[in-house]
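# Residue-level structure breakdown
Listed below are the residues making up each chain.
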Amino acid sequence: MMYNYQLLQLASQILPTEARNYAKVHGWEPVTAAKGRIWVFRHSVQKLRQLVIPIDQEDDAYSEAIVEVLQRIADDEKRSPIAVASDLLMPNSDIVRFRVAGDDILAGNLSLEDGACLIEGAKRAILSSACSVINKTTHHPRMSRSEAAEMLKACKFGQTEYGSFVAKIACPLNAVETNASLLDATMPFVRHATKLLSSACHQLVESIENDAVSALIENNSANPIITSNLCDALLRMQGGREKSSLGIDITWASNPNVPIPDVPRGVVFKAEYFRTVDEIQRALRPKKESDSSQTLLGTVETLNGPVGEDGRRSGEVILALLLEDEEVVRARAVLGPDEYARAVQAHNKGRTYIMVKGVLQRGNRISSLQQVESFDLVGQSPPSE
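As a starting point, this report considers the structure included with it. Position labels on residues start from 1 in each chain and follow its written sequence. Only residues with pLDDT of at least 70 are given local features in this predicted model, and only at 80 or more are side-chain atom pairs given and counted; all residues enter the totals for whole chains, interfaces and linings. Only hydrogens and water are set aside; all other atoms, that is, all heavy atoms of the structure, feed into the side-chain values.

### Some thoughts on the overall build of the chain
Secondary structure elements follow DSSP: runs of H or I no shorter than four residues count as helices, runs of E no shorter than two count as strands, and numbering proceeds from the N terminus. Along its length, the chain carries 12 helices and 13 strands. The dimensions of the chain, computed from C-alpha atoms along their principal axes, are 90 × 45 × 40 Å. Looking at the 385 residues of the chain, the share that counts as buried comes to 46%. In the form shown here, the chain has an accessible surface area of approximately 19,400 Å², with 50% of it arising from carbon and sulfur atoms. None of His or the chain ends enter the tally, which takes Lys and Arg as positive and Asp and Glu as negative. In plain terms, the charge of a residue is placed at NZ if it is Lys, CZ if Arg, CG if Asp and CD if Glu. One finds the centroid of the 42 positive side-chain charges in the chain at a distance of 2 Å from the centroid of its 49 negative side-chain charges. For each residue, the accessible area found with a 1.4 Å probe, counting protein chains only, is set against the maximum for its type, and the residue is called buried under 20%, exposed over 50%, and partly exposed in between. Computed by Shrake-Rupley with a 1.4 Å probe, the accessible areas treat only the displayed protein chains as cover when residues are assessed.

Put into structure tokens, the structure is as follows:
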């Protein structure tokens, strides 16, 4: 049999104990009568289907044997052997896949800007879930808990996979040490976070499909599991593309000491669901953040205003604004001639900071700054009236 060279290379690096643990955790039954230096497992339903795992990685035929194991697991789980192999090479980690799919992404390509939004959204989804493990609330003003920061620091970006566009994040179970009294001691903090992420996403999709969004928002206020931060992260990853869906699935770590949680491991947000996700995000975010004016620090990114009949420019500019939680958002603002002149000055000086006051309306790809009351360069006094 001819084996794919890449798959053989990956198989040669998989530890025998990791293959064994994966089989045990995912329901394959050990065959105790096996002879020789091998572990044998059989399928829990199709008893004649077996996995034969060599104990010795130094065996000349080790790679070919592990490829057979990968192919049989892949057939059972209906995914590629490469994907199974890559999971086994990230031991003791929950693997979270954020998958963007659509007619415009059939070749597995994504624009640079959309790719950056996908990674930022994935990061924020993980941060939001980690923060919610300790602090149950509908909105985290600052996602800066030490546990969440530790988890994110330990996460690894996995090899991209063929098919749609996949951001794969490995979350090591031992990344965070917490006070055992705060949590269920039988489950690591990281598993609490990935379980919460899966549960929250499933509840969102279920409420949309069952036309039960109002009930979701009401119940979530009493027992928060879904946050505005998670909704914002989902919107970022989808990016407002009209025909793009977002799939999230988790491969639980193959650790026999940490049981697989009884929650759905995969969910798909269809493109048409994101309008409702945006509505839920707005409902969960404190009203004062979206309705009141605020003063923000930022820079001027682009100048799009035309020259008027009086020879002065006014109109749209694109700003990069720094929010309280250290998030940077891009926002459109429409400026009058005086404010626009200061925007030109800031832009020409090479990203001089500006201070602007207005009402920030959040958007999927780009936000909008409405009712601009002031616009000044940092370090300069505003012009006298």
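### Comments concerning helix H12 (residues 337-348)
One fewer than the residue count of a helix, multiplied by 1.5 Å, yields its expected span. With 12 residues, H12 ought to run about 16 Å at 1.5 Å a step, and its terminal C-alpha atoms sit 16 Å apart, in line with that. Here H12 has its buried residues at Tyr 340, Arg 342, Ala 343 and Ala 346. Around the axis of H12, the buried residues are gathered within 160° of arc, so they sit on the same side. Here the buried face of H12 lies against strand S9 (294-303), strand S10 (315-322), strand S11 (328-335), strand S12 (354-361) and strand S13 (367-377). Looking at the residues trailing H12, positive phi occurs at Gly 350, about 85°. Throughout, the arc means that of the directions going from the helix axis to the C-beta atoms. In this description, contact between two residues means that some pair of their heavy atoms is separated by no more than 4.5 Å.

Remember, this is a structural readout, not a statement about activity or role.
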